[in-house]
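Each chain, written out:
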Amino acid sequence: MADQPLFSVIIPTCHRNEALALCLERLAPGAQTLPFEQYEVIVTDDGRETTAEAMVRERFSWATWTQGPRRGPAANRNHGASLACGEWLAFTDDDCLPDTGWLTALTEAAESSVLAVEGAVRPLGNAQVDMAECPVNTTGGLFWSANVAVRKDLFEAIGGFEERFRIAAHEDEDLYLRIRHHASVQFQPGAIVYHPVRVARLCDTVKRVPVNASTTALYYALNAQRLGVRRFTTLLRWLYKPRLVAAFRNLAHGRPKAALVEMVWVVYGNILVLREWASYSRQLAVERTSHVP
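Residues numbered from 1 in each chain as written. Predicted model: local features only at pLDDT ≥ 70, side-chain atom pairs only at ≥ 80, totals over all residues. Heavy atoms only, no water.

### Considerations on a nonpolar patch on the surface
Part 1 of the reasoning: Judged by side-chain polarity, Leu 244, Phe 248, Leu 251, Leu 260, Met 263, Val 267 and Tyr 268 come together as a nonpolar surface patch covering roughly 680 Å² of accessible area.
Part 2 of the reasoning: In terms of residues, the nonpolar patch owes the most to one element, helix H11 (residues 256–290), which gives 4 residues.
Part 3 of the reasoning: Residue position: Tyr 268 is located in helix H11. (Patch = residues over 30% accessible without salt bridge, like charges linked within 9 Å, V, L, I, M, F, W, Y side chains within 5 Å. Areas by Shrake-Rupley, 256 points an atom, 1.4 Å probe, with all protein chains shown as cover. Salt bridge = Lys/Arg side-chain N within 4 Å of Asp/Glu carboxyl O. Helix = DSSP H or I, 4+ residues; strand = E, 2+ residues; numbered from the N terminus.)

### Considering the nonpolar core
Part 1 of the reasoning: Among the nonpolar cores identified, the biggest contains 35 residues, and Phe 7, Val 9, Val 56, Trp 102, Leu 103 and Leu 106 are the most heavily contacted of them.
Part 2 of the reasoning: Among the elements that line this core, the one with the most residues is helix H4 (residues 102–110), at 6 residues.
Part 3 of the reasoning: In this view, Val 56 contacts Leu 20, Leu 24, Ser 61, Ala 63 and Trp 65; residues no more than four positions away in its chain are not counted.
Part 4 of the reasoning: By size, the runner-up hydrophobic cluster in this structure holds 27 residues, among which are Met 131, Val 229, Ala 258 and Leu 274. (Core = buried A, V, L, I, M, F, W, Y, C linked by side-chain atoms within 4.5 Å. Buried < 20%, exposed > 50% of the residue type's maximum accessible area, 1.4 Å probe, protein only. Contact = heavy atoms within 4.5 Å.)

### Some thoughts on the pairing of strand E1 (residues 7–13)
Part 1 of the reasoning: Taking burial as the measure, the 7 residues of E1 include 7 buried ones, the bulk of the element.
Part 2 of the reasoning: Both faces of E1 are covered, namely the face carrying Phe 7, Val 9, Ile 11 and Thr 13 and the face carrying Ser 8, Ile 10 and Pro 12.
Part 3 of the reasoning: Across 7 bridges, E1 lies against strand E2 (residues 39–45) in parallel orientation. Each residue of the ladder has a partner; that of Ile 10, found in E2, is Ile 42.
Part 4 of the reasoning: Between E1 and its parallel partner E2, the chain crosses via helix H1 (residues 17–25), and the hand of that crossover is right-handed.
Part 5 of the reasoning: When E1 meets strand E4 (residues 88–91), the two strands line up parallel, connected through 4 bridges. Looking across to E4, one finds that Ser 8 is bridged to Leu 89. (Pairing = 2+ DSSP bridges. Right-handed = clockwise from strand over helix to strand, strands pointing away.)

### A short note on helix H6 (residues 171–180)
Part 1 of the reasoning: Counted residue by residue, H6 has 8 buried out of 10 residues, so it is predominantly covered.
Part 2 of the reasoning: Along H6, the residues classified as buried are Glu 171, Asp 172, Asp 174, Leu 175, Tyr 176, Leu 177, Arg 178 and Ile 179.

### Here we look at the pattern of salt bridges
Part 1 of the reasoning: Scanning the entire structure with this criterion turns up 17 salt bridges.
Part 2 of the reasoning: A salt bridge links Arg 151 to Asp 153; its shortest N-O distance comes to 3.2 Å.
Part 3 of the reasoning: Exposure remark for Arg 151: the relative accessible area of 23% places this residue in the partly exposed category.
Part 4 of the reasoning: Relative accessible area serves as the criterion here: at 43%, Asp 153 is assigned to the partly exposed category.
Part 5 of the reasoning: For Arg 201, the salt bridge identified is with Asp 204, shortest N-O distance 3.8 Å.

### Here's the deal with the packing of aromatic side chains
Part 1 of the reasoning: Applying the stated rule across the entire model yields 11 aromatic pairs.
Part 2 of the reasoning: Both rings, one in Phe 91 and one in Phe 161, keep their centres 5.3 Å apart while their planes meet at 90°; by these two values the pair is edge-to-face. Here the residue Phe 91 occupies a position in strand E4, and Phe 161 occupies one in the loop between helix H5 (152–157) and H6, the gap between them amounting to 70 residues. Across the pair, Phe 161 and Phe 91 agree in class, each one buried.
Part 3 of the reasoning: Pairing Phe 155 with Phe 161 gives two aromatic rings, centres 5.8 Å apart and planes at 65°, and the pair type is edge-to-face.
Part 4 of the reasoning: You can call Phe 155 buried: its relative accessible area is 4%.
Part 5 of the reasoning: Following the ring pairs from residue to residue traces out a cluster consisting of Phe 36, Tyr 39, Phe 60 and Trp 62.
Part 6 of the reasoning: When the ring centre of Trp 265 is taken as origin, the NZ or CZ atom of Arg 243, which lies over that ring, is 4.2 Å away. (Phe/Tyr/Trp six-rings, centres within 6.5 Å; stacked < 30°, edge-to-face > 60°. Lys NZ or Arg CZ within 6 Å of the ring centre and 35° of its normal.)

Now the structure itself:
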């Protein structure tokens, strides 16, 4: 295909039209240092009450809008990827602001022998305030889905994002582990996107603990072998030590609400993780047994 773009930029969205518009403005023809003919933009929209279709068609007609499957961000990204024409899939989020040289920096990696790249995610705002939420990545090794790129053939070969992750948590780490089984991942610090810092409400964060615990349990159950979780005690240590360290660190830096959240995980959330992990592990063992010829 002579006119195949190098990149397909996949942006999952759901009820955030204002933020999406700012993101798309950073990807408009002429906004990136990479020539526009070398990339396409696909907006895959999980909106239910409203969608971004009219806005995209009226203000950003150069982008492709598609209705998402409404099964969470992992499935939404996979849907966008299924429509992509590019050699590479570049993922960012609808509330992110790509730097003008974002795609050019990714191109430098794409032209080497690597098959997957993670870029830098920098905060817009003060990420150190109490209850601040922002996926910061300035040194690599995190593979946040706000700024990653994968060759499409590799992405398809490993099955894309795991769609059993129904919320935005751990689905990118799961993909990272599966990619690393086949290829190395390069960190490209010059490929920058900016992510807004949001200050969460304590009550809302605590209410999300059960669903986040279930997702965490799924991650460890799916990747037990890759992570080396061979014993219950190993998982126990991995769950509790970081939470306790984070709690004391937050207290030391004047973030009492964030410290309280960590203690909620210590006394409640991690118990849910362990219970759900055992359940998922049993389910996966049954699935593996049923697939044995």
